[in-house]
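# Fold and contact review
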Amino acid sequence: MKPGIKAALLFIFIVIFACTGQAQQTSLTGARQAWAATNTLLQAGDNERVIEGRVVKVSDGDTITVLDKENRQHKIRFQGIDAPESKQDFGQVSKDNLATMIFGKEVKVVWSKTDKYGRTVGKVLLDGRDINIEQIKAGLAWHYKTYEKEQPPEDRVSYAKAEQEARVARRGLWQDPNPTPPGEWRADAKTDRWGAAPPEGTIIGNKNSKSYHRPDCPGYRNMAEANRVFFKTVEEAEAAGYKRAGNCSAVAKNTAAKPATSASGASAAAAPAPAAAPVAAATSAQATPATTATAATAAAIIGNKNSKIYHRADCPGYKSVSEKNQVRFNSAEEAEQAGYKVAKNCPAQK
């Protein structure tokens with residue numbers, strides 16, 4: 001709350017207190033009432049807002065739709081928790097548990113932000129009961145530590161404690177000692193849809209939009225497989241009539257995607273590529289694995305502290321483990337001796 005507003009509220013409190021001097025008891029009562037009203041306004045805070053309505057849809061274990069009294073629908077993403085995806089183990093169980101608790105009931109949502117998908121992120125209360133933490137207590141959601149700083153300090157502590165208790169009691173998803181967090185599951189699922197990665201530095205063009213992405217561009221891995229065309233360099237893509245995607249910066253963020261130059265230092269774009277080059281590049285990229293097993297053995301192995309799984313350099317999820325969860329090993333054998341298992345989406349080594 002802005003200092004000026006706070007000062008004004010406090011001034012009101014002082015005036016009311018000064019004006020209630022008819023008798024000592026009356027004065028104290030008036031002062032208490034005035035302060036109570038002032039304190040309520042102060043506790044409301046700058047950004048905290050409330051939505052009240054009936055739960056008309058439960059999408060999964062951490063997302064619902066609320067219909068307010070003006071018949072407006074609000075998609076709500078539960079703050080501080082991350083439930084299993086629908087196709088994950090316990091995904092449907094988590095959704096059913098949430099529906100049993102709140103579907104068709106009147107709830108209060110205390111919120112302060114919307115996410116990139118336009119959903120309202122907040123705490124869902126049913127008769128004052130925190131439904132977010134109930135999902136964690138049931139072992140049907142993780143405490144979402146990636147965004148824990150957005151929570152009030154007391155929630156941050158209580159949610160973390162609730163997860164630990166559910167883990168020790170092996171409730172719900174914790175029946176598996178090392179369940180895969182939803183974020184990693186989503187990354188692996190996306191990698192599975194993508195297929196084998198092209199050789200490092202490959203430029204990917206979109207047949208429909210005639211735009212291309214360097215490896216450092218946000219949309220590099222999002223393109224539908226049927227629309228992909230592979231190029232060895234930016235110059236080759238541009239020579240074939242493709243333009244840089246709008247969300248790509250003008251300058252590459254890593255050396256792998258920097259434009260290639262000829263021995264004389266001139267840009268390769270000066271010499272147009274043959275018309276058949278894109279097709280050849282595509283065939284080459286699709287046939288060549290990103291990294292050989294030999295190279296993977298020599299490279300660092302990345303383990304995930306949470307899931308206790310590891311990725312070789314040739315595994316699709318190699319770069320998807322968040323930095324704070326990474327543990328590095330010199331070899332797969334070292335990782336396995338430490339109790340880690342190879343990720344399910346890693347190709348079998350020959």
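Bear in mind that the values here come from a model prediction, so they are computed numbers and not experimental data.

### Some remarks on the overall build of the protein chain
Looking only at helices and strands, one finds ten helices and 16 strands in the protein chain. A total of 350 residues make up the protein chain; the buried ones form 40% of that total. Taking contacts inside the protein chain between residues at least 6 apart in sequence as the whole, the part at least 24 apart equals 63%. Of the roughly 20000 Å² of accessible surface on the protein chain, 53% is carried by carbon and sulfur atoms.

### Side note on helix α5 (residues 153-169)
In a regular helix each residue adds 1.5 Å, so 17 residues correspond to 24 Å; α5 covers 25 Å between its end C-alpha atoms and thus fits that length. R170 occupies a position one or two residues after α5 and carries a positive phi of about 55°.

### A short note on the packing of aromatic side chains
If you walk through the whole model with that rule in mind, you get four aromatic pairs. Each ring, one from Y144 and one from Y147, has its centre 5.1 Å from the other, and the planes form 80°; the classification is edge-to-face. The ring of W111 has R49 sitting right over it, with the charged end atom 4.1 Å from the ring centre.

### Considerations on the state of the cysteines
On inspection of all chains with the given rule, the structure shows two disulfides. Disulfide partner of C217: C248, at an S-S distance of 1.8 Å. Its S-S torsion of approximately 125° makes the covalent link between C217 and C248 right-handed. With C217 in the loop between β10 (211-213) and β11 (228-231) and C248 in the loop between β12 (243-244) and α8 (277-287), the pair connects residues that are 31 residues apart, well separated along the chain.

### Comments concerning the nonpolar core
Ranked by internal contacts, the top residues of the largest apolar core, which has 23 residues, are I64 and I102. The residues contacting I102, other than those within four sequence positions of it, are V55, I64, F78, V107, L126 and I131. By size, the runner-up hydrophobic cluster in this structure holds seven residues, among which are Y212, V234, A237 and Y242.

### A closer look at the pattern of salt bridges
Opposite charge on two side chains permits pairing when their charged atoms draw close. Applying the stated criterion across every chain yields a total of 15 salt bridges. Across the salt bridge formed by E150 and K113, the nearest N and O atoms sit 3.2 Å from each other. Taken together, the positions of E150 in the loop between β8 (142-143) and α5 and K113 in strand β5 (residues 106-114) put the pair 37 residues apart, joining distant regions of the chain. Looking at E150, the relative accessible area reads 36%, which means it is partly exposed. By relative accessible area, which is 26% here, K113 ends up partly exposed. Note that D314 and R312 form a salt bridge whose closest N and O atoms lie 2.9 Å from each other. Each member of the pair D314 and R312 is classed as buried. If you follow the salt bridges from partner to partner, you end up with D62, R77, D82, E85 and R186 in one network.

### Quick look at the sheet that holds β10
Strand order in the open sheet formed by four strands is β11-β9-β10-β12, and the pairing between neighbours is mixed. Either end of the sheet is taken by a strand with one partner, and the two such strands are β11 and β12.

### Details of the environment of S158
Relative to the helices and strands, S158 resides in helix α5. Through-space distance from the C-alpha of S158 to that of H143 is 9.6 Å; in sequence the pair is 15 residues apart. Looking at S158, its side chain comes within polar contact range of the main-chain oxygen of D155, at 3.2 Å.

### A word on the environment of V66
Topologically, V66 is positioned in strand β2 (residues 63-68). Classification of V66 by relative accessible area gives buried; the value is 0%. Residues V66 and I51, 15 residues apart in the sequence, show an inter-C-alpha distance of 8.4 Å. Among residues more than four places away in sequence, those in contact with V66 are I51, E52, G53, R54, V55, R72, Q73, H74, I76, V107 and V109.

### Observations concerning helix α3 (residues 91-102)
Taking 1.5 Å per residue as the helical rise, α3 with its twelve residues ought to reach 16 Å, and the 17 Å between its terminal C-alpha atoms agrees with that figure. Burial in α3 covers these residues: G91, S94, L98, M101 and I102. Viewed end-on, α3 has its buried residues packed into an arc of 100°, placing them on one side of the element. In the stretch just after α3, G104 is the one whose phi turns positive, near 80°.

### Details of the confidence of the model for the protein chain
Residues at a pLDDT of 70 or more form 71% of the protein chain, whose mean pLDDT is 77. Confidence drops under a pLDDT of 50 for residues 255-298, and excluding neighbours within four residues, the segment shows 48 contacts in the predicted structure.

### Let's talk about the environment of Y212
Here Y212 is to be found in strand β10. Sequence spacing of Y212 and R228 is 16 residues, and the spatial spacing of their C-alpha atoms is 9.3 Å. With sequence-adjacent residues up to four places away left out, Y212 is seen in contact with I203, I204, G205, V234, A237, E238, Y242, K243, R244, A245 and C248. A polar atom in the side chain of Y212 sits 2.6 Å from the side chain of E238.

The rules we used
- Residues numbered from 1 in each chain as written.
- Predicted model: local features only at pLDDT ≥ 70, side-chain atom pairs only at ≥ 80, totals over all residues.
- Heavy atoms only, no water.
- Helix = DSSP H or I, 4+ residues; strand = E, 2+ residues; numbered from the N terminus.
- Buried < 20%, exposed > 50% of the residue type's maximum accessible area, 1.4 Å probe, protein only.
- Contact = heavy atoms within 4.5 Å.
- Areas by Shrake-Rupley, 256 points an atom, 1.4 Å probe, with all protein chains shown as cover.
- Expected span 1.5 Å × (residues − 1).
- Phe/Tyr/Trp six-rings, centres within 6.5 Å; stacked < 30°, edge-to-face > 60°.
- Lys NZ or Arg CZ within 6 Å of the ring centre and 35° of its normal.
- Disulfide = S-S within 2.5 Å.
- Core = buried A, V, L, I, M, F, W, Y, C linked by side-chain atoms within 4.5 Å.
- Salt bridge = Lys/Arg side-chain N within 4 Å of Asp/Glu carboxyl O.
- Pairing = 2+ DSSP bridges.
- Polar contact = N/O pair within 3.5 Å; in protein donor to acceptor, adjacent residues only side chain to side chain.
- Arc of directions from axis to C-beta.
- pLDDT = per-residue confidence, 0-100.

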